[in-house]
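# Structural characterization, general
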Amino acid sequence: MADMKVKQPKGVKLDHISKIYKDPKTGKDFYAVHDVALDIAPGSFVTLLGPSGCGKTTTLRMIAGFESPDEGEIYLGGEPINALTPNKRDTAMVFQSYALFPHYNVFDNVAYGLKLRKVPKNEIRDRVEKILGLVELSGMEQRMTNQLSGGQQQRVALARALVVEPGVLLFDEPLSNLDAKLRVQMRTEIRRIQQALGITAVYVTHDQSEAMAISDQIILMKQGVIAQMGSPMEIYYKPNSEFVADFIGECNFLHGKVSENAEKGAIVSLPAGKVAVRTEKKRNPGEACEIVLRPEAITIGDEGMLPCRVELSCFMGSYQNYHVRVGEELVKITDNCPLNKKIFQTGEQAYISFDPECAHLL
Amino acid sequence: MHRPFSYKLNIFLFLLPALILFVGILIAPIAMSAYYSLTEWNGLGIPKFIGLQNYVELFTSKSINIMRALKNAMLLAVLSVCIQLPFALLLALKLSRHVKGERWYLAIYFMPVLISSVVIGQLWIKIYNPEYGALNMFLRSVGLDSWTRIWLGDKNVAFGACLVPILWQYVGYHMLLMYAGIKGMPADLNEAAMLDGCTPAQVSWYITIPYIRPILRVSVIFAVTGSLKSFDMIYVLTNGGPNHATELPSTLMINLLFLRNRYGMGSTIAVMLIVLCFVFAMLINLAFKEEK
């Protein structure tokens, strides 16, 4: 696989790009993407994540050249590409629907881009064979695409995009049409191949677990703007808003007021009691705040930081799922490996605790 | 144990009305035509069974001259496939690319299909009128007086003059079929091809046209069988004249049936047309057969 490194992965820079559409109902203009600025390093795997209509696909399509930004400039490998048509940009794309040509067999689908680039026949054969080997489809060259399973079709789509050795590989929700098990398998494959080839990848998905599993960096978008960008761990543990915290994984929010600043954080006063929370930013005493707590960061016991009443206790195999009432707020707890631990039943009184390092203050 | 039988009986009972209609409207007339084609019958009295004599006469009689009618029909079929369909395809490809006023263009091109052939025929008779027709008036106005003709009365140009409205009328029909096929094509395919390096013309040639191949097949079948069966426009424009120059199998059949009261011979032509349409449809299907 060493000889299959891409020629030169390229970086992508979006310099404050915006895309304006007209609302068909009201006739008014609105921003589908607004002032998005980001730098994607060569060879990195970046995921544009967000709910439907957040502008992630529009951003990807602008990089591909299917849409033109109304404001801002896109750079590929340092060169401005706004004026270039899709076929002149050094990109390839894996589509949600695979977009395989139904009248071509696997070999011809993969070889298509090389034929258009007038690559010699012998080289086409060699490169197609190598890439089909990489996606583990050797021996299926002569099959028509309708004779392949969904996962195999996705591999052909990936091979077709990779074989032209693009500077940047774009993915538009490529796993949406696969079943859950195959999705997990394919996302691992995609990450393996991306790392093996050292290619720059921009990936669009609305599935936060998919984004967490494969990305070097996640760009979380909401209503056309970037809500937060960072590594999966940063986004998960240090969300900068309730939206980000809620979108990535399950989350509890405890509303209170900053009581005082402590040495490594702040003391927060909640209706149920006072707790210490780690925060890098100094807060003003009396300021309203929210403590973000992941369900797996909370423990339940006979003693602890905050009293609670158990409202739901459910055995889930690998963990015990609790819903507890802390003051007025409902808190979800994932208590891993419940074997040999005390199980609290619905209606019982208990206490919750958490490590201040695992709590995040908004 | 009786359930499967009862289930099949239900299916049969539900299908029976449609089957009766199908047999009554389509199969029975064909069978009757096949029978009458083997008889000498003037439409009254009892048909006289004569075996294959009608078929022998049809292909040997100089007064009927079926070969001339067939030659005209084949020419119409070839021109339909070589001119009408490519033109319709070009229009469909162009209009499917988000042209401004797309719906208006579609409506305008499709309009001739909605109008009765008799009305269109009358319109073209006016256009071809040697005295006040638009065509001759135009030729005179640009100094091409020598090009003026009695378009529908000159046996050398009459069939060519008839071909124009026949081909023109159904361009919109085929265009709409192809347009629907192109619009039904996933946008991803075009975009994938563009990213692979295709120009718009290459996308049309290598991706769009192969994708709508099943629709092209239907269009070719309709164009060829429609040409073989073509009747109404010729009937209005020339009724097969002058001197049988624009004769088609259908006009010949009508003349034999209703002018010469030769119901047996008319049925022979009807059977020949059915067989020809069937054979051509099979051949076209074979030519378009895809690799599975």
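Every chain is numbered on its own, with residues counted from 1 as its sequence reads. As they are written, the chains are lettered A onward and the ligands numbered 1 onward, keeping that order. Local features in this predicted model are restricted to residues whose pLDDT is 70 or higher, and side-chain atom pairs enter the listing and the counts only when it is 80 or higher, whereas totals over whole chains, interfaces and linings include all residues. Neither water nor hydrogens contribute to the side-chain values; these are computed over all heavy atoms in the structure.

Below, the discussion takes up unusual backbone geometry. Backbone torsion omega between Gly-241 of chain B and Pro-242 of chain B reads -10°, so that peptide bond is classified as cis. Helix and strand definitions here come from DSSP, where helices need a minimum of 4 consecutive H or I residues and strands a minimum of 2 consecutive E residues; each element is numbered from the N-terminal end. Its place among the elements puts Pro-242 of chain B in the loop between α12 (232–237) and α13 (249–259). Phi at His-16 of chain A is positive, roughly 50°, even though this residue is not glycine. Structurally, His-16 of chain A can be placed in strand β1 (residues 12–22). On the accessibility criterion, His-16 of chain A (42% relative accessible area) is partly exposed. Of note, His-244 of chain B is a non-glycine position whose phi angle comes to about 65°, a positive value. For His-244 of chain B, the location among the structural elements is in the loop between α12 and α13. Whether a residue is buried, partly exposed or exposed follows from its accessible area with a 1.4 Å probe, protein chains only, as a fraction of its type maximum: under 20%, in between, or over 50%, in that order. The class of His-244 of chain B is partly exposed, set by a relative accessible area of 31%.

Moving on, we come to the domain arrangement of chain A. All names here are of chain A. Under the domain assignment used here, chain A contains domain 1 (2–244) and domain 2 (250–361). Domain limits in this description derive from either an automatic procedure or a database domain assignment. In this structure, domain 1 and domain 2 have C-alpha centres spaced 39 Å apart. The contact definition used throughout considers only heavy atoms, calling two residues in contact when any of these lie within 4.5 Å. Each side of the interface is counted separately: domain 1 has 6 residues, and domain 2 has 7 residues. In this description, buried area is defined as the sum, over both parts, of the accessible area (probe of 1.4 Å) that is lost when the two are combined. Across the domain 1/domain 2 interface, buried area totals approximately 730 Å², and carbon plus sulfur atoms make up 44% of it. When a carboxyl oxygen of Asp or Glu lies within 4 Å of a side-chain nitrogen of Lys or Arg, that pair is called a salt bridge. Applying the counting criterion to the domain 1 and domain 2 interface returns 0 salt bridges. Whenever a nitrogen or oxygen atom comes within 3.5 Å of another N or O atom, the pair is scored as a polar contact, on the condition that within protein one atom can donate a hydrogen and the other can accept it, and that pairs from neighbouring residues in sequence are kept only if both atoms are in side chains. In this structure, the connection of domain 1 to domain 2 is made through 3 residue pairs in polar contact (both at pLDDT 80 or more). Counting residues per element, the side of domain 1 that touches domain 2 draws most heavily on helix α7 (residues 232–237), which supplies 3 residues.

So, on to the pattern of salt bridges. Any two side chains of opposite charge can pair, given that their charged atoms come close. Residues and elements named next belong to chain A. A full pass over the atoms with the stated rule returns 19 salt bridges over all chains. The partner of Lys-22 in a salt bridge is Asp-29, with the nearest N and O atoms 3.7 Å apart. Across the pair, exposure class does not vary: Lys-22 and Asp-29 are exposed alike. One network of salt bridges, in which partners are shared, links Glu-136, Arg-155, Glu-189 and Arg-192.

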